[in-house]
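# Results of the structural survey
Below are the chains, spelled out letter by letter.
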Amino acid sequence: MAIRTITVPVKDLEAAKGLYALLLGVEPYVDQPYYAGFRPENGPEVGLDPHGDVAAGPVVHWHTDDLDATLAALIAAGATEERSPHDIGDGARLATVRDTDGHLIGLFEGPPL
């Protein structure tokens, strides 16, 4: 599985967009009140989430072709489900688990081709 997205919870989306645009060298390809997404060349997507838990820090979302199977395998290996699989639009789905130390791990399944 490859890293698909790093989601950064932010308090001030407008301020964060300016900083991350400068840092990543690209403007957001998605710019909505609920999310701003950047796709820097040769890197994973960086998303800014104004509704995320700032205290928890960024969440790395790993790409998987089978979200349900990956989720089941991680739980069998000791992870605990934080947020069950849910649709985020256009057939894409996300889920989150916590590893054995309590760190969040995000899972991303893209839309069917």
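Our subject in this report is the structure included herewith. All values derive from a computational prediction rather than experimental measurement.

### A closer look at the pattern of salt bridges
Under the definition given, this model contains seven salt bridges. A salt bridge links glutamate 45 to arginine 39, with the nearest nitrogen and oxygen atoms 3.5 Å apart. With relative accessibility at 6%, the residue glutamate 45 sits in the buried group. Take arginine 39: its relative accessible area is 48%, and that puts it in the partly exposed class. Across the pair arginine 93 and aspartate 68 runs a salt bridge whose closest N-O atoms are separated by 3.0 Å.

### Concerning the packing of aromatic side chains
Taken as a whole and assessed by the stated rule, the structure comprises zero aromatic pairs. Here the guanidinium or amino end of arginine 4 rests over the ring plane of phenylalanine 108, the centre of that ring lying 4.2 Å away. Looking at arginine 39, its charged tip hangs above the ring of tyrosine 29, at a distance of 3.8 Å from the centre.

### Considerations on unusual backbone geometry
Backbone geometry places asparagine 42, a non-glycine residue, at a positive phi of 60°. Position of asparagine 42 relative to the elements: it lies in the loop between strand S3 (35-38) and strand S4 (45-49). Note on asparagine 42: relative accessible area 79%, which makes it exposed. The phi angle at aspartate 90 is positive, at roughly 55°, despite the residue not being glycine.

### A look at helix H1 (residues 13-24)
With 12 residues, H1 ought to run about 16 Å at 1.5 Å a step, and its terminal C-alpha atoms sit 16 Å apart, in line with that. Regarding H1, the residues found buried are Leu13, Ala16, Lys17, Tyr20 and Ala21. Angularly, the buried residues of H1 cover 130° about the axis, an arc narrow enough to put them on a single face. The outward face of H1, more than 90 degrees from its buried face, is lined by the exposed residues Glu14, Leu19, Leu22 and Leu23.

### Quick word on the pairing of S3
Judged by which residues are buried, S3 turns out to be covered on both faces: Tyr35 and Gly37 on one side and Ala36 and Phe38 on the other are all buried. For strand S2 (residues 30-32) and S3, the ladder comprises three bridges, and the chain directions are antiparallel. The partner of glutamine 32 across the bridge, within S3, is tyrosine 35. Remark: two residues form the turn of the hairpin made by S2 and S3, two consecutive strands paired antiparallel. Judged from the three bridges that link them, S3 and S4 form a sheet pairing that is antiparallel. The residue bridging alanine 36 from the neighbouring strand is leucine 48, located in S4.

Calculation notes
- Residues numbered from 1 in each chain as written.
- Predicted model: local features only at pLDDT ≥ 70, side-chain atom pairs only at ≥ 80, totals over all residues.
- Heavy atoms only, no water.
- Salt bridge = Lys/Arg side-chain N within 4 Å of Asp/Glu carboxyl O.
- Buried < 20%, exposed > 50% of the residue type's maximum accessible area, 1.4 Å probe, protein only.
- Phe/Tyr/Trp six-rings, centres within 6.5 Å; stacked < 30°, edge-to-face > 60°.
- Lys NZ or Arg CZ within 6 Å of the ring centre and 35° of its normal.
- Helix = DSSP H or I, 4+ residues; strand = E, 2+ residues; numbered from the N terminus.
- Expected span 1.5 Å × (residues − 1).
- Arc of directions from axis to C-beta.
- Pairing = 2+ DSSP bridges.

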